[in-house]
Amino acid sequence: MRIKPVCLAGGMVLALAASLSAAGAEEITIVLPEQPANLEPCRSIRADIGRVINMNITETLTIIEPETAQVTPHLAESWEQVDDKTWRFKLREGVSFQDGAPFNAEAVVKSINRLMNPKLTCDSRSKFGDVTLTPKAVDEGTVEIVSDIPIPIMPTLMGTVQIVSPNMPFDQEVNKPVGTGPYELEAADNEHIVLVRRDDYWGEAPEVTKATYRWRSESAIRAAMVESGETDLTPAIAVQDATNPETDFAYLNSETTRMRIDAQIAPLDDIRVREALNLAIDWDGMGEALFGTDVLRASQMVVPGVLGHNPDIKPWPYDPERAKALIEEARADGVPVDTEITIIGRNGFFPNASESLEAMQALWQEIGLNVTIREMEAADWVRYLDKPFPEGRGPTLFQQQHDNNTGDAGFTVPVMYTSEGQYSTIADKDLDQVITKAMSSTGEEREKLFQEAFRVVHDEIIADVPMYHMIGYVRVGPRLDWTPDLKTNSEIRLAEIKFKQ
Amino acid sequence: MSTLSLQTPDAEKRTASGPARIFRLLLRDPLATLAFAFLVVVVVCAVAGPFLIGDLIEKPNFRARNMPPFSLEQGFAYILGADTLGRSLLARLVVGARNTLGIATAAVLCSLVIGGTLGLIAGYSRGALGNLIMRATDIVMSFPSLLLALVVLFSLGPSVPNLVLVLAITRIPIYLRTTRAEVLEVRERMFVNAAVALGASHSRLIFRHIAPMVIPTLLTIGAIDFATVVLAESSLSFLGLGIQSPQFTWGSMVATGRGYLANAWWVAFWPGLMILLTTLSLNILSNWWRTYSDPQQRWRLELARRHRK
Amino acid sequence: MFGYVFKRSLQSLVAVAGLLVLVFFLSRLTGDPAYLYLPLDSTEAQRQAFNELHGFDDPLYIQFGRYLADLLHFDFGTALSRNRPAMEVALEAFPETLKLAAIAMTLSLVLAIVVGALAATKPGGIFDRLATTISLAGASAPDFWVAIVAILFFSVSLGLLPTSGTGTPLHWIMPIGVLMLRPFGLLTQVVRGSMMGVLTSPYIKTAQAKGVRRTKIVFVHALRNALLPVITVAGDLAASLINGAVVVETIFGWPGIGKLMIDAIVRRDFALVQATVLITAIAIFFLNIVIDLVYAALDPRIRHQTA
């Protein structure tokens, strides 16, 4: 009788160990940084939702390849522009939804209409601005999409529209997505979400048969869970937890950070002060210390590869002496350089965000500016993000992180740098013209014009302090053969996960 | 502290208590002496620290980032290691004492005094007023502190007094309820009944008889609350309420170190240790005070002296 | 007794109603939810449409009227962030926290009474000093620090316990351990202080003189009288555990109501905030009634006024 409790405890340990490794050879577990708020496909541009359902449960007509700014066919086999407001997509045949409904033009029309349905709060709608889309089924396999203003990048935009089964409730947001993807939702509760492979997928059958998602917010714990074998993969661990080169991989996560300069308000209305702000920071030291050795210094707000990225722009160097000289020069000309400048930060924005503000504040103090920090709660911070900016705010430097994973600078430049732009603190007529022209053109011309816009913003106006193209880290268990890419923040394609022999 | 009329009349008769006497008694107890000495050091840091230490605490030194402790490579200032931005942890501990002590003391005192007073009223008065206070306390207890912080932030704006306000409000219920419970109990004790029978006034009853019984418990809670408040403060500063970087407290240092527990334990450890030691010292002193102020217990301290003599 | 409970319940009901009104109006002072629900690059028109759809553009008193009307049908609104009825989400999470809090609280109380009482019998002794130091160290150490270090040690270095999650009994050990730190530390100190007071009182001396066994004096006669402040503090601690074992829930991935409430507040999911506050408030109010009844049971002298 005495031995029994010990046996029991031992048994428990064994059972636990068994349950950890018993996830069959083709079953995997993934631990996410947060619980997906819900599983509504029309909100899946939110990373927490998208990471689970995008390309696993629901799929899109096109696929954006952000590394090359290419758009490739997926559920649509081809497309053509009929006139400047009309696009026609030819659909893949022999595809069905997980509930058995056939994938056809009607289903696509209904998916687009559902996304635009004013009764639903669809995050993914934001990519379209205030455009009205009128989709129409030409025949079983052809869809025509008419917009009220010309959209030269419709195929890119279709890469964000998740196609859902026509049987999904049209007027109601749901947590049971049904799409054409290789996996279907088996279970979802407060502790885990389970996806299982379906047999009648139209494409190649993926290796992973079943994926269980859990969530833990602490990066160190998630890293530990992969290390101890409890789980196979975790995205978005902190740089300091990515200590094992065997299992931890860095990837450009398509986010770019900057400090936006309030260029209308003295002393920030003086270009010398704006240049000094850029020169005062030890970019390499800070980047390595806070964001890891793989971090990429940014000169513009889109990552390399995005259409419109200008590889010829040289990022500002670290030159505190020149920065000091510029400030003194400005002071001599009567610029009120002693005015208190406020850094507006957002708490918990990205790992080490507030440390970076502290570092920059100290370095800006060094060159003779008077800088304070205010870190805010998200709802407070957004008041400074959008026009109209708060009255009487004084000169501010606004911490911003921007994600452009659509492969087109059109989602970045107008909003940030035109006179009308929602986030814009500059007003430059010539620049406005360049940008307007870029927005209505395509191909090489579009690229050239956006590149010109970035050059003007960086070299001539100095509208902001570009910081870094951010790096994410994943930890992948030894069983799996998988590497992250630019899209890993917003989707984890189970079909791409293979097993090592 | 010695001017607090905590002693019962009995105690006053026996000893002439002055600060010097209390201090001499304190020195008899090595642990209490140690605790007292530690607190003195902390207070000196809080008062003089910012003057003693220059820009060591602010200027990033990326070469020394996350430098481990117990190395003299970068000078004595780095003996406890460096944080993520390569700033001396020792220097930051010294300078951080001021904001930490200031906020925590203000918050704990506010909640202790307000909670204690309301609890006294609630326990002492029968009927509607007492009930009203208690139900209001229930509401405060059930109101999420994060929401309270956001409400204050959005309606009153960010400032240190508002931070103290939020911290104090959330901690009031424990003092209030404890005081009330003790008052309910003490009020029925024999000596209080006797005092009432002898025609003691209400204020005399409260300050002579009830307060001495209640205050030691409140001090015990207050001392432990110090740690709670310091840690809570850092999470509220994070919302944008109160202390903002480059200002910092021990609590915010611990919070910064949270992400580095697996790799640079020292970033969170030292400030955590300071909070712990301060709490511990406060408690040892409050325990000592409890013994001292209780005429039934004081012989323990006196005994220690006699033994040594 | 029943009269008292009835009266107290009625009072508490009024207080809960007051709390809900407060939460309703105050939570709406905390910024525009459209900014948090919609992506940052949404247009003004999209934000307006969102506010119209959910009635956030109506005057507050109209929104409140709607809320009350729905309450009458036991409709607590939809948790917008979760696409689910708010009360359903809250009720799902609550028992998880309750289980954890109940176990942690019971263990802390029992342990604290034993340790605190023993420490009080010889103040300044070795056991007292040790118990005081350890309990205070636990209570003043940052809980997330202890939690993370415990996981790194027990799960990663030793491989003895699962890192986090729920399931086997082993999963309970670390969350409960971490959750106990503060209650145990604080209660031990309160028990010790309260016992020291009682142990020197005349009736204990009388019992000693009569030759009653020491353990009996400590754990039977003295304890009964020393428990009053202990119960109060324990009640307060229990309330704070119900309200949020947030750190433990977050780090160990425990699907409880504390984390849920924080998420709801951060996301400005008003219906969910109201539902979670209602649930925890009812629990806290109920707890406080129980505590007052315990007072009465422990101390007959108080009984006549609660009854």
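Analysis parameters
Residues numbered from 1 in each chain as written. Chains lettered and ligands numbered in written order. Predicted model: local features only at pLDDT ≥ 70, side-chain atom pairs only at ≥ 80, totals over all residues. Heavy atoms only, no water. Contact = heavy atoms within 4.5 Å. Buried area = accessible area lost by both parts, 1.4 Å probe. Salt bridge = Lys/Arg side-chain N within 4 Å of Asp/Glu carboxyl O. Helix = DSSP H or I, 4+ residues; strand = E, 2+ residues; numbered from the N terminus. Axes fitted to C-alpha atoms, helices over the stretch in contact; angles between N-to-C directions. Left-handed = near helix turned anticlockwise from the far one by under 90°. Nonpolar A, V, L, I, M, F, W, Y, C, P; charged D, E, K, R; others polar. Patch = residues over 30% accessible without salt bridge, like charges linked within 9 Å, V, L, I, M, F, W, Y side chains within 5 Å. Areas by Shrake-Rupley, 256 points an atom, 1.4 Å probe, with all protein chains shown as cover. Expected span 1.5 Å × (residues − 1). Buried < 20%, exposed > 50% of the residue type's maximum accessible area, 1.4 Å probe, protein only. Parallel < 35°, antiparallel > 145°, perpendicular 65-115°, else oblique. Phe/Tyr/Trp six-rings, centres within 6.5 Å; stacked < 30°, edge-to-face > 60°. Lys NZ or Arg CZ within 6 Å of the ring centre and 35° of its normal. Polar contact = N/O pair within 3.5 Å; in protein donor to acceptor, adjacent residues only side chain to side chain. Disulfide = S-S within 2.5 Å. Domains from an automatic or database assignment. Pairing = 2+ DSSP bridges.

Trainee: Describe the interface of chain A and chain C, listing the residues and the values that go with them.
Mentor: Listed by partner, the interface residues are 47 residues for chain A and 44 residues for chain C. Carbon and sulfur atoms supply 52% of the area buried between chain A and chain C, which totals about 3700 Å² over both sides. Remark: the boundary between chain A and chain C carries 4 salt bridges. Between A:Lys127 and C:Asp41 there is a salt bridge, with its nearest N and O atoms 3.5 Å apart. For the side of chain A that touches chain C, the secondary-structure elements that each account for two or more residues are helix H1 (4-21), helix H5 (219-227) and helix H10 (378-385) of chain A.

Trainee: Before we move on, could you go through the packing of helix H6 (residues 126-140) of chain C against helix H8 (residues 170-199) of chain C and cite the residues and values that matter?
Mentor: All names here are of chain C. In contact at an axis separation of 7 Å, H6 and H8 are set at 145 degrees when each is read in the N-to-C sense. As for how H6 packs across H8, the hand of that crossing is left-handed. Two secondary-structure elements touch here, H6 through Asp128, Thr132, Ser135, Leu136, Gly138 and Ala139 and H8 through Leu181, Arg182, Phe184, Gly185, Leu186, Thr188, Gln189 and Arg192. Of the residues belonging to the contact of H6 with H8, the class tally is 5 nonpolar, 6 polar and 3 charged.

Trainee: Any details on a nonpolar patch on the surface? Residues and values, ideally.
Mentor: All names here are of chain B. Residues Val113, Ile114, Leu118, Ile121, Leu129 and Leu132 make up a contiguous nonpolar surface patch of roughly 500 Å² in combined accessible area. Taken together, the elements giving at least two residues each to the nonpolar patch come down to helix H4 (89-124) and helix H5 (128-142). The dominant element in the nonpolar patch, judged by the number of residues it contributes, is H4, at 4 residues. Along the chain, the position of Leu129 falls in helix H5.

Trainee: Summarise helix H7 (residues 143-157) of chain C; cite the residues concerned and give the values.
Mentor: Counting along an α-helix, one turn takes 3.6 residues, and residues three or four places apart therefore face a common direction. Along its 15 residues, H7(C) runs 20 Å from first to last C-alpha, staying within 8% of the 21 Å computed at 1.5 Å per residue. The complete set of buried residues in H7(C) reads C:Phe144, C:Ala147, C:Ile148, C:Ala150, C:Ile151, C:Leu152 and C:Ser155. For H7(C), the secondary structure elements touched by its buried residues are H5 of chain A, helix H10 (250-257) of chain B together with H8 and helix H11 (246-252) of chain C. Of the residues flanking the end of H7(C), it is C:Gly159, one or two places downstream, whose phi is positive at about 65 degrees.

Trainee: Please set out the packing of helix H5 (residues 86-121) of chain C against helix H13 (residues 270-298) of chain C residue by residue, giving values where relevant.
Mentor: Residues and elements named next belong to chain C. Packing of H5 against H13 brings their axes to within 8 Å, and their N-to-C directions diverge by 45 degrees. When the interaxial angle is binned, H5 and H13 end up oblique. Crossing geometry of H5 relative to H13 is assigned as right-handed. Residues Ala86, Met87, Val89, Ala90, Leu91 and Phe94 of H5 form the contact with H13, whose own contacting residues are Ala271, Leu272, Ala275, Thr276, Leu278, Ile279 and Ala283. Here the residues of the contact of H5 with H13 sort into 12 nonpolar, 1 polar and no charged.

Trainee: Tell me about the packing of aromatic side chains, and please be specific about residues and values.
Mentor: Tallying each qualifying case throughout the model produces 28 aromatic pairs over all chains. Ring plane angle 75 degrees and centroid distance 5.7 Å describe the contact between A:Trp283 and A:Tyr468, whose orientation is recorded as edge-to-face. Remark: A:Tyr468 occurs in strand E17 (residues 464-476) and A:Trp283 occurs in helix H7 (residues 283-291); sequence separation between them is 185 residues. Given a relative accessible area of 3%, A:Trp283 falls into the buried group. For A:Tyr468, a relative accessible area of 1% corresponds to the buried category. Centroid distance B:Trp288 to B:Tyr292: 5.5 Å. Interplanar angle 5 degrees. Geometry classified as stacked. Placement of the pair is B:Trp288 and B:Tyr292 together in helix H11 (residues 266-293), with a separation of 4 residues, close to one helical turn. Cluster of aromatic residues (ring-pair linked, three or more members): A:Trp283, A:Phe291, A:Phe349, A:Phe350, A:Trp381, A:Phe398 and A:Tyr468. Its guanidinium or amino end placed over the ring of A:Trp283, A:Arg297 lies 4.0 Å from that ring's centre, counting from NZ or CZ.

Trainee: Provide a residue-level description of the interface of chain C and chain B, including the pertinent values.
Mentor: Listed per partner, the contact involves 66 residues of chain C and 56 residues of chain B. Buried surface at the junction of chain C and chain B, both sides included, amounts to about 5400 Å², of which 67% is carbon and sulfur. In this structure, C:Asp292 engages B:Arg180 in a salt bridge whose closest nitrogen and oxygen atoms are separated by 3.7 Å. Our count for the chain C to chain B interface comes out at 8 residue pairs in polar contact (both at pLDDT 80 or more). By residue number, the principal contributor to the side of chain C that touches chain B is H8(C), which donates 10 residues. Split into classes, the residues belonging to the side of chain C that touches chain B amount to 36 nonpolar, 20 polar and 10 charged.

Trainee: Report on the pattern of salt bridges, specifying residues and quantitative values.
Mentor: If you walk through the whole model with that rule in mind, you get 49 salt bridges over all chains. Residues B:Arg258 and A:Glu218 are paired through a salt bridge, measuring 2.9 Å at the closest nitrogen-oxygen approach. Remark: A:Glu218 occurs in the loop between strand E10 (210-215) and H5 and B:Arg258 occurs in the loop between H10 and H11; the pair is interchain, linking two chains. Accessibility expressed as a relative area gives 25% for B:Arg258, which makes it partly exposed. Ionic pairing is found between C:Asp263 and C:Lys259, a salt bridge with its closest N-O pair at 3.1 Å. Separated by 4 residues within a single helix, C:Asp263 and C:Lys259 lie in helix H12 (residues 257-267), roughly one turn from each other. Among the charged side chains, a network of salt bridges with common partners joins A:Asp270, A:Arg272, A:Glu329 and A:Asp333.

Trainee: Requested: an account of the state of the cysteines, with residues and values cited.
Mentor: Two cysteines form a disulfide when their sulfur atoms are joined by a covalent bond. Residue and element names in this part refer to chain A. A full pass over the atoms with the stated rule returns 1 disulfide over all chains. Across the disulfide from Cys42 sits Cys122; the S-S distance is 2.0 Å. Between Cys42 and Cys122 the disulfide shows an S-S torsion of about -85 degrees. By sign, it is left-handed. On the criterion of sequence distance, the pair formed by Cys42 in the loop between strand E1 (27-32) and helix H2 (47-53) and Cys122 in the loop between helix H3 (105-116) and strand E6 (133-139) is long-range, its members being 80 residues apart. The same class applies to Cys42 as to Cys122, namely buried.

Trainee: Give a description of the domain arrangement of chain C that names residues and reports values.
Mentor: Residue and element names in this part refer to chain C. By domain assignment, chain C separates into domain 1 (10-86) and domain 2 (89-298). Between the C-alpha centres of domain 1 and domain 2 there is a distance of 34 Å. For the domain 1 and domain 2 pair, buried surface summed over both sides reaches about 2000 Å², with 65% attributable to carbon and sulfur atoms. Here domain 1 and domain 2 share 1 salt bridge between them. Here domain 1 is connected to domain 2 by 8 residue pairs in polar contact (both at pLDDT 80 or more). When contributions to the side of domain 1 that touches domain 2 are tallied by element, the ones reaching two or more residues are helix H1 (2-27), helix H2 (33-37), strand E1 (78-79) and strand E2 (84-85). Per element, the largest residue contribution to the side of domain 1 that touches domain 2 is 8 residues, and it comes from H1. Class assignment for the residues of the side of domain 1 that touches domain 2 results in 16 nonpolar, 6 polar and 3 charged.

Trainee: Now, about the sheet that holds strand E5 (residues 86-91) of chain A: what can you tell me, with residues and values included?
Mentor: Residue and element names in this part refer to chain A. Spatially, 4 strands are ordered E4-E5-E7-E6 in an open sheet, and the strand pairing comes out antiparallel. In the strand order of this sheet, the two ends are held by strand E4 (76-83) and E6, each with one partner. Averaged over all pairs of adjacent strands, the angle between strand axes in this sheet comes to 20 degrees, irrespective of strand direction. For E5 and strand E7 (residues 142-147), the ladder comprises 5 bridges, and the chain directions are antiparallel. Bridge pairing in E7 links Thr86 to Val146.

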